[in-house]
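# Descriptive analysis of the structure
The residues making up each chain are set out below.
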Amino acid sequence: MDVLVGRLNWFGEWFFQRSFALLLLCLSVGFLVSSCGADSAPQAAESDDVSLPQTESTSSELADQELVPTSVKATIDETVTLSSVANSLAGLDNYRLSWELSFEGVDPEGTAASWQLSYIVTSVGDPPSEKIEVSALGFEPSPELSEVTIVQIDGQKYFEIDGVGCLSGDGQSPSVMTNDLTDPDSFLAGLTTGQQISIGEMMDGMRVNQYSLDEESLPLFDGLAVAADGTVFLSQEGSIPIQIMLVATGQVDYLSSGQIQDGTLTMMLKIDDINQPLEVIIPEACQGSSIYPMVRDAYQITVLEDLISYQTVLPVGEVVLYYQQEMPLAGWSEAEEPLVLEEMALMSYERDGVVVVIAIDSVPGQAATTSVLITP
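A few points on the structure. (Residues numbered from 1 in each chain as written. Predicted model: local features only at pLDDT ≥ 70, side-chain atom pairs only at ≥ 80, totals over all residues. Heavy atoms only, no water.)

### A closer look at the pairing of strand 9 (residues 206–214)
Judged by how many residues are buried, strand 9 sits mostly within the fold: eight of nine residues are covered. Note that strand 8 (residues 191–203) and strand 9 share seven bridges and pair antiparallel. Across the sheet, the residue bridging to Met 202 is Arg 207, located in strand 9. If you look at the hairpin formed by strand 8 and strand 9, you'll find two residues sitting between the two strands, and Asp 204 has a positive phi there, around 55°. Judged from the five bridges that link them, strand 9 and strand 10 (residues 227–235) form a sheet pairing that is antiparallel. (Buried < 20%, exposed > 50% of the residue type's maximum accessible area, 1.4 Å probe, protein only. Helix = DSSP H or I, 4+ residues; strand = E, 2+ residues; numbered from the N terminus. Pairing = 2+ DSSP bridges.)

Written out as structure tokens, the structure reads:
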């Protein structure tokens with residue numbers, strides 16, 4: 001039994017270090033892309049014309065468009081100011097927001113520089129839930145592609161890192177939900193449309209008006225001679241930014257890293273699936289491990305390779321009985337006699353030459369809360 005206790009102490013310290021490292025990895029994605037604020041802006045340069053992908057229309061949509069006046073001349077002087085992307089979406093039940101940034105250019109030494117960021121938000125009003133998918137490529141110190149999924153649902157928050165594992169906790173746990181690069185309002189809040197290009201086009205099932213962009217209204221480039229161009233599609237009802245594309249070219253410290261990058265920054269915002277049926281579910285990696293059984297009411301699940309921890313409202317004794325029943329059914333046999341006390345238990349099982357320890361413990365200061373740690 002001393003062996004079990006000694007292993008538990010070692011596993012507890014190792015588990016804390018691994019969990020803390022994973023948490024830092026989650027947060028590093030947010031910090032990695034959290035620069036490029038309002039005081040970072042490109043210098044004047046030439047830019048190419050911007051053209052957006054054309055939206056295909058069905059025959060019925062084309063028929064509807066024939067009933068909508070499309071004379072630009074009558075409204076050529078009309079402009080619209082987008083005070084905030086977030087505010088324009090506040091009244092929607094469901095939506096999906098896609099925000100993509102990409103840079104191509106050179107660093108101060110003339111070496112080719114390239115980075116990309118993809119930020120996709122799925123927002124559901126009932127039940128209130130949100131899923132954020134972040135992909136980052138070309139950022140130091142990890143230039144390879146990093147993918148993180150953050151889900152908030154039922155008062156719980158889940159962090160899943162592709163190929164690493166998952167951390168979960170309550171809504172007060174650390175967040176990477178807001179930073180400059182992943183916040184379209186850092187670039188677009190306050191922009192004013194320029195010349196109206198078309199009226200009443202169909203896009204994602206909504207009537208939209210198309211405008212050019214007034215680059216002088218862009219908050220990021222305010223007061224600076226910046227070469228920028230873009231196209232804006234706003235819904236006729238509510239002025240929702242259905243699609244915005246912006247291209248800026250110049251020499252600037254885009255990432256607030258202390259190094260000037262000379263090149264072109266392309267930004268694309270798309271809002272779709274407006275008030276359509278959407279669902280946010282717990283990431284698969286956060287739903288538990290297929291290696292070990294897990295009680296049905298498990299929450300705050302952490303999965304790191306073949307290590308798993310979680311909490312439950314079941315008392316220690318009931319959790320012990322659960323594993324005494326379920327581990328043999330999963331092919332595990334008892335390796336040592338278990339140590340079972342009122343507020344803690346240690347159990348050891350073996351399968352195919354692998355021995356795992358199950359540590360069950362009442363959480364101090366938290367009534368009806370039991371923690372479970374399973375690790376080889």
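### A closer look at the environment of Ser 118
Within the secondary structure layout, Ser 118 lies in strand 3 (residues 112–124). For the pair Ser 118 and Leu 181, spaced 63 residues apart in the sequence, the C-alpha separation amounts to 9.9 Å. Not counting chain neighbours up to four residues away, the residues in contact with Ser 118 comprise Trp 99, Glu 100, Glu 133, Val 134 and Ser 135. (Contact = heavy atoms within 4.5 Å.)

### So, the side chain of Gln 311
With respect to the helices and strands, the residue Gln 311 is situated in strand 14 (residues 307–312). According to the relative accessible area criterion, Gln 311 is buried, its value standing at 15%. When neighbours within four sequence positions are excluded, Gln 311 is seen to be in contact with Asp 297, Ala 298, Tyr 299, Gln 300, Val 363, Gln 366, Thr 369, Thr 370 and Ser 371.

### Here's the deal with helix 5 (residues 316–329)
The terminal C-alpha atoms of helix 5 lie 20 Å apart, and with 14 residues this matches the ideal 20 Å at 1.5 Å per residue to within 8%. For helix 5, the complete set of buried residues consists of Val 316, Val 319, Val 320, Tyr 323 and Met 327. Looking one or two residues past helix 5, Gly 331 carries a phi angle of roughly 95°, positive in sign. (Expected span 1.5 Å × (residues − 1).)

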